[in-house]
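Okay, here's what each chain looks like letter by letter:
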Amino acid sequence: MTATTQAPAVVPGSRAHTDGAGAVVPVQTRSARPTSYSPEDFGAPSGREVNWKHTPVDRITGVLDLAAASTDASVTITAPDGVEITTKAIGEAPRGEAFVPEDLSGALAWQRSSEASHVRIPASLELSEPVLIDVTGVTELTHQHLVIEAAENSHATVLLRHSGPALFAQNVEIIVRDGANLKVVSVQQWDDEAVHVAAHQARVDRDASLRHVVVSFGGGVVRVNPSLELSGAGSHGEMFGLSYADAGQHLESQVFLHHKGAETSGDVLYKGALQGEGARSVWIGDVLIGPDATGTDSYEANRNLVLTDGARADSIPNLEIQTGDIRGAGHASATGRFDDEQLFYLQARGISEDEARRLVVLGFLTEIVQKIGIDSLEAELIAAVEEELAQEGTR
């Protein structure tokens, strides 16, 4: 496919300014970022660009190497009867219908994935069991482009799981057609030193809905950036996230919710816990309410719980509104330590301090876990949180 979109200007992540010959100003809004299917159109990030400045670029150079040899990721797809599983080459629809790379890693994953796995839920099919997509990592550089398509009036859940070692660049393209109801859950449980850089881009059509959930526990550097466009009138989108960062881990999500059609609604909530020296989480939330998105109702929030000294959470909510005819829009962010009043309340009723801390953390994170809607996975994640807390108690 030929690149049809704007290439970066002289300084990556910047564009020409009208005052002064050759002057540049940083791109400030998510919608204005340069996009291209060609890796050569993106310069290697320095860490000063708006979309890379919170990422430890020196730790992910392996997935940004234009000259490095790579292979397609190992993928196992288990699906209920009726689900169609095929592959799509570059230029073969619907690959590229709802995805265009906005950084170097996305462009590399696009070009290096010779055959994209295509999971299609046919029209009006309602699945009682989830489609399971297992990605097993290896130590060598791998790339993946995955297309998930929910046809008209279908209902389905897709669970995407990642495990093992990894040096992995990934694109996930999600298409939710008219009247469909889709849930996509992406769980990152990599080995400790894994590097995973991913872009999820979704389009939701008329009267359709998508719930997108990102859960990141394992890995050295995990950057999963979801983008959701509510293009059809009456469409609805939910974007939820859960992360638990240990010492030395960097867990990041740059979230973009674009209200494009009229009468759309969106809800964004990401929660994270951090413990250990050098534990780091980054959340950047961008909501754009376009000029034609009249009647929009939108809200985004990020909450972080810092459990130990030496951990850091960066939280940056942004809201851009291009029409005055909306129902409501807002954003919020909060990062803090344990609420002393909550701990006192529990301890005053005979609960030990360690147990009180455990209950507070579980209560804080369970709100996101319960939105997944897969009982076995919810139980597994609660157990994973318990294990993380137990390890914190031994430090």
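None of the values given here were measured: they were computed from a predicted structure.

Student: What am I meant to see in the pairing of strand 14 (residues 221-230) here?
Tutor: Along a regular strand, successive side chains alternate from one face of the sheet to the other. Extensive coverage of strand 14 is indicated by the burial of 9 of its 10 residues. Note that strand 12 (residues 195-204) and strand 14 share 10 bridges and pair parallel. Bridge pairing in strand 14 places Val-204 opposite Leu-230.

Student: Help me understand the environment of Pro-45, please; the structure alone is not making it clear to me.
Tutor: Its location among the elements puts Pro-45 in the loop between strand 2 (24-26) and strand 3 (71-72). On the basis of relative accessible area, Pro-45 is assigned to the buried category, the value being 11%.

Student: Just to check I follow, could you spell out the layout of surface pockets for this structure?
Tutor: The method is simple in principle: a probe with the dimensions of a water molecule rolls over the atoms, and the space it marks as empty is what remains. Its volume calculated, the largest pocket comes out at about 520 Å³. Forming the walls of the largest pocket are 30 residues, and the residues nearest its centre are Val-100, Glu-102, Gln-201, Ser-227 and Phe-256. Counting only elements with at least two residues in the lining of the largest pocket, the list comes to helix 1 (104-112), strand 10 (167-176), strand 12, strand 14 and strand 16 (250-259). Broken down by element, the residue count for the lining of the largest pocket peaks at 7 residues, all from strand 12. Among the residues making up the lining of the largest pocket, the classes are represented as 9 nonpolar, 13 polar and 8 charged. Here the second largest pocket is characterised by a volume of approximately 340 Å³. Lining the second largest pocket are 17 residues, and of these Asp-192, Phe-217, Gly-218, Asp-246 and Glu-388 lie nearest its centre.

Student: How should I be thinking about the pattern of salt bridges in this particular structure?
Tutor: A pair can form between side chains of opposite charge whenever their charged atoms are brought close. Enumeration according to the criterion identifies 22 salt bridges in this entry. Residues Glu-97 and Arg-203 are paired through a salt bridge, measuring 2.8 Å at the closest nitrogen-oxygen approach. With a gap of 106 residues between them, Glu-97 in the loop between strand 5 (84-88) and helix 1 and Arg-203 in strand 12 connect regions that are remote in the sequence. Overall, Glu-97 belongs to the partly exposed group, its relative accessible area being 36%. For Arg-203, a relative accessible area of 15% translates into the label buried. Of the charged contacts in the structure, one is a salt bridge between Arg-312 and Asp-314, with a shortest N-O distance of 3.1 Å. Look at Asp-314 and you get buried, because its relative accessible area is 12%. A single salt-bridge network, built from bridges that share partners, covers Glu-84, Glu-97, Arg-120, Glu-149, Arg-177, Arg-203 and Asp-205.

Student: What's the story with the pairing of strand 8 (residues 141-150) in this structure? I'm lost.
Tutor: Of all 10 residues making up strand 8, 10 are buried, and the element is well covered by its neighbours. Here strand 8 shows two buried faces, one formed by Leu-141, His-143, His-145, Val-147 and Glu-149 and the other by Thr-142, Gln-144, Leu-146, Ile-148 and Ala-150. One ladder, built from 2 bridges, connects strand 3 with strand 8; its direction is parallel. Each residue of the ladder has a partner; that of Asp-72, found in strand 8, is His-143. In this sheet, strand 8 lies alongside strand 6 (residues 116-121) in parallel orientation, the contact comprising 5 bridges. Bridging from a neighbouring strand, His-118 pairs with Val-147 of strand 8. As judged from the 10 bridges shared by strand 8 and strand 10, these two strands associate in the parallel manner. Looking at strand 10, one finds that Glu-149 is bridged to Ile-175.

Student: Sorry, what's going on with the packing of aromatic side chains here?
Tutor: The description of an aromatic ring pair uses the distance of the two centres, along with the angle that the planes make with each other. A complete count under the given rule lists 4 aromatic pairs for this structure. Ring geometry for Phe-168 against Trp-190: centres 5.9 Å apart, planes inclined by 70 degrees, an arrangement best described as edge-to-face. Taken together, the residues span a long stretch of sequence, with Phe-168 in strand 10 and Trp-190 in strand 11 (residues 181-190) at a distance of 22 residues. A single burial state applies to Phe-168 and to Trp-190, both of which are buried. For the ring pair Tyr-270 and Trp-283, a centre distance of 6.5 Å and an interplane angle of 45 degrees mean the geometry is tilted. Of this pair, Tyr-270 sits in strand 17 (residues 265-274) while Trp-283 sits in strand 18 (residues 280-289), and the two are 13 residues apart along the sequence. When sorted by exposure, Tyr-270 lands in the same class as Trp-283, which is buried.

How each quantity is defined
- Residues numbered from 1 in each chain as written.
- Predicted model: local features only at pLDDT ≥ 70, side-chain atom pairs only at ≥ 80, totals over all residues.
- Heavy atoms only, no water.
- Buried < 20%, exposed > 50% of the residue type's maximum accessible area, 1.4 Å probe, protein only.
- Helix = DSSP H or I, 4+ residues; strand = E, 2+ residues; numbered from the N terminus.
- Pairing = 2+ DSSP bridges.
- 1 Å grid on protein atoms, 1.4 Å probe; cavity = no way out; pocket = protein on both sides within 12 Å on 5 of 7 lines; lining within 4 Å.
- Points joined across faces, edges and corners; volume = space filled by probe spheres on them.
- Nonpolar A, V, L, I, M, F, W, Y, C, P; charged D, E, K, R; others polar.
- Salt bridge = Lys/Arg side-chain N within 4 Å of Asp/Glu carboxyl O.
- Phe/Tyr/Trp six-rings, centres within 6.5 Å; stacked < 30°, edge-to-face > 60°.

Everything listed here is a matter of geometry and, on its own, says nothing about what the molecule does.
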